[in-house]
Structures are given as C-alpha cells and as structure tokens.
Amino acid sequence: MQSADAGRASCARKPCACRQVGAGADREDALSTPRILGVVLAGGRSSRFGSDKAQALLDGRRLADHACALLGPHVDDAVVAGRDGLIRDLPGPDLGPLGGIAGALHHAAGLGYTSVLTIACDVPVLPDGLLAALARRAPAFCPDAPVLGHWETASAAALIAHIESSPRRSVRGWAEAIGALPIPAHGAIPNINTPEDMAAL
C-alpha cells in the first residue's frame, strides 16, 4: 500500500496540508505546459461518521492531510475542496462528489490547469502505483473507487450540463459517458464511513 507519508504535498496553511491555490498560478506557463491540480474532495456531510471526516485524526494527522500527501508526487499543486469556499460545488450544493469534481474543474480551468486529479478526503492509503497510473492519462478513473480520477478541465462545462440534465449523479456514470480509461486498483482501498472503520486500518 502507498503510505500518505510518501507524498510531498506542500503546507501553506491549516487545517490541511494542501496549498491554497489562487491567482498565483502563472497562466502563460500553464497554457504551454500540461499542469495537474490535485483536489481532495471534502464536501460530504460525514453523517455516518458523526463528525467532519476530513478533520479526523489518523496517526496524528488529519485524513485530508493524508490524502493531500498521496496526491503530492503526481500534481503541480493541491487543494482541499468543500471546506473554505474556495472551490464550490457546481452547478449547486448537495450534488455529491460529482458536483465537487465539476467545481474543481471550473476552478482549475480558470487558473490555467489542464487537468484535475481527484481523491476523497477519507482515503489515507492506496495501492502502490494507482495514482501514478491515473496521472499519466486524462480522462481516467478507478472503477473500484470512481472518485479517484483524472479529469480534463476542458470538460467542465460538459460536466455541469450533464449534472443538470441527468437524474443519475454518479461519478462512474460520468466517467463511462466520456469514455474515461478505467484503471483498476489491484488492491484494497479503505472505505471509511465510521470511526470504527478508521480504527480498523
């Protein structure tokens, strides 16, 4: 399994280990060189967990920090979506992870990133090589956990239109609709819904 400690996500502020990505991106360079924004999706309600999962501590670090560290080696910058208003779900709130991905694509496109690599906030470990394989091509996704995906920012408007017109707000459904490459995990991915799930890691 790939440990979160193997990552190198930078830390510019609390409460997450991801950088605050804003107007500092160099748009001229970004337009000439493919750039990946890593996004930790943390907009869920954590109702079964009983508290904010992104802030829950595992081995002394927040779950969101672990996820950021996993993204670190594969992206140019990383940020947590759904916690501070920097990246809002589109086309509106309470649309699940697909709305978070749409918001991330829109945000990243405005800063000149060519693609977004997404991970859920409650994924502290992953099978070796999975994120590297996803990062090599967009669009791509992990069918074992579809929120793990690599999405082109050019598809932001199409995704928003898809959400507005489709009753099935499924990340897998979107991935299949755009012909995203399925990349199997080839190993276990933790599913943390309760504090007991996290304690069992």
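Everything quoted here is computed from the prediction, not taken from an experiment. (Residues numbered from 1 in each chain as written. Predicted model: local features only at pLDDT ≥ 70, side-chain atom pairs only at ≥ 80, totals over all residues. Heavy atoms only, no water.)

Participant: Would you mind going over the overall build of the protein chain in detail, with residue names and values included?
Facilitator: On a plain count of helices and strands, the protein chain comes out with 7 helices and 8 strands. Put simply, the protein chain has 201 residues, and 51% of those count as buried. Expressed as a percentage of contacts within the protein chain between residues at least 6 apart in sequence, the contacts between residues at least 24 apart total 77%. Accessible surface for the protein chain amounts to roughly 9,100 Å². Of this, 52% is attributable to carbon and sulfur atoms. (Helix = DSSP H or I, 4+ residues; strand = E, 2+ residues; numbered from the N terminus. Buried < 20%, exposed > 50% of the residue type's maximum accessible area, 1.4 Å probe, protein only. Contact = heavy atoms within 4.5 Å. Areas by Shrake-Rupley, 256 points an atom, 1.4 Å probe, with all protein chains shown as cover.)

Participant: Would you mind going over unusual backbone geometry in detail, with residue names and values included?
Facilitator: Of the consecutive residues leucine 90 and proline 91, the connecting peptide bond is found in the cis state with omega at 5 degrees. As for its position among the elements, proline 91 is in the loop between strand E4 (77-81) and helix H3 (96-110). Cis geometry is found at the peptide bond from alanine 138 to proline 139, where omega equals 0 degrees. With respect to the secondary-structure elements, proline 139 resides in the loop between helix H4 (130-135) and strand E6 (140-141). Positioned with a positive phi, aspartate 94 is a non-glycine residue whose angle comes to about 60 degrees. Among the secondary structure elements, aspartate 94 is positioned in the loop between E4 and H3. The backbone of histidine 186 sits at a positive phi, close to 55 degrees, despite the residue not being glycine. You can see histidine 186 is positioned in the loop between strand E8 (181-182) and helix H7 (195-199). For histidine 186, a relative accessible area of 74% gives the class exposed.

Participant: Explain the pattern of salt bridges to me, and be specific about the residues and the numbers.
Facilitator: In this structure the tally under the stated criterion is 2 salt bridges. Residues aspartate 77 and arginine 35 are paired through a salt bridge, measuring 3.2 Å at the closest nitrogen-oxygen approach. With aspartate 77 in strand E4 and arginine 35 in the loop between helix H1 (27-32) and strand E1 (36-41), the pair connects residues that are 42 residues apart, well separated along the chain. Residues aspartate 77 and arginine 35 agree in their burial class; the two are buried. The partner of aspartate 65 in a salt bridge is arginine 62, and the shortest N-O contact between them spans 3.9 Å. In this structure arginine 62 comes out as partly exposed when scored by relative accessible area, which is 24%. (Salt bridge = Lys/Arg side-chain N within 4 Å of Asp/Glu carboxyl O.)

Participant: Give me the lowdown on helix H2 (residues 63-71), citing residues and values where you can.
Facilitator: Across the 9 residues that make up H2, a large majority, 9, are buried. Taken together, the buried positions of H2 are occupied by Leu63, Ala64, Asp65, His66, Ala67, Cys68, Ala69, Leu70 and Leu71.

Participant: Any details on the environment of proline 182? Residues and values, ideally.
Facilitator: By secondary structure assignment, the location of proline 182 is in strand E8. Remark: the alpha-carbon pair of proline 182 and phenylalanine 141, spanning 41 residues in sequence, is separated by 5.2 Å. With near-sequence residues (within four places) excluded, proline 182 lies in contact with Phe141 and Pro143.

Participant: An account of the sheet that holds strand E7 (residues 149-152) is requested, with residue identities and associated values reported.
Facilitator: Spatially, E4-E1-E5-E7-E6-E8 is the arrangement adopted by the 6 strands of the open sheet, whose pairing is mixed. A strand with exactly one partner marks an edge of an open sheet, and here the two such strands are E4 and E8. One ladder, built from 2 bridges, connects E6 with E7; its direction is antiparallel. Paired with alanine 140 across the bridge in E7 is histidine 150. Docked against the sheet, H2 engages E1, E4 and strand E5 (115-120), running at close to 160 degrees with respect to E1. (Pairing = 2+ DSSP bridges. Axes fitted to C-alpha atoms, helices over the stretch in contact; angles between N-to-C directions.)

Participant: Requested: an account of the environment of leucine 41, with residues and values cited.
Facilitator: Tracing the chain through its elements places leucine 41 in strand E1. Taking relative accessible area as the criterion, leucine 41 reaches 10% and is therefore assigned buried. Along the backbone, leucine 41 and aspartate 122 are 81 residues apart, and their C-alpha atoms lie at a distance of 8.9 Å. Those residues within four positions of leucine 41 in sequence are excluded, and the remaining contacts are Ala81, Pro97, Gly100, Ile101, Thr118, Ile119, Ala120, Cys121 and Val147.

Participant: Quick one: what's the story with the confidence of the model for the protein chain, residue by residue and with numbers?
Facilitator: Per-chain confidence: the protein chain averages 82 in pLDDT, with 77% of residues scoring 70 or above. Overall, residues 4-16 carries pLDDT values under 50, and its contacts beyond four positions in sequence, including any with other chains, amount to 31 contacts. (pLDDT = per-residue confidence, 0-100.)

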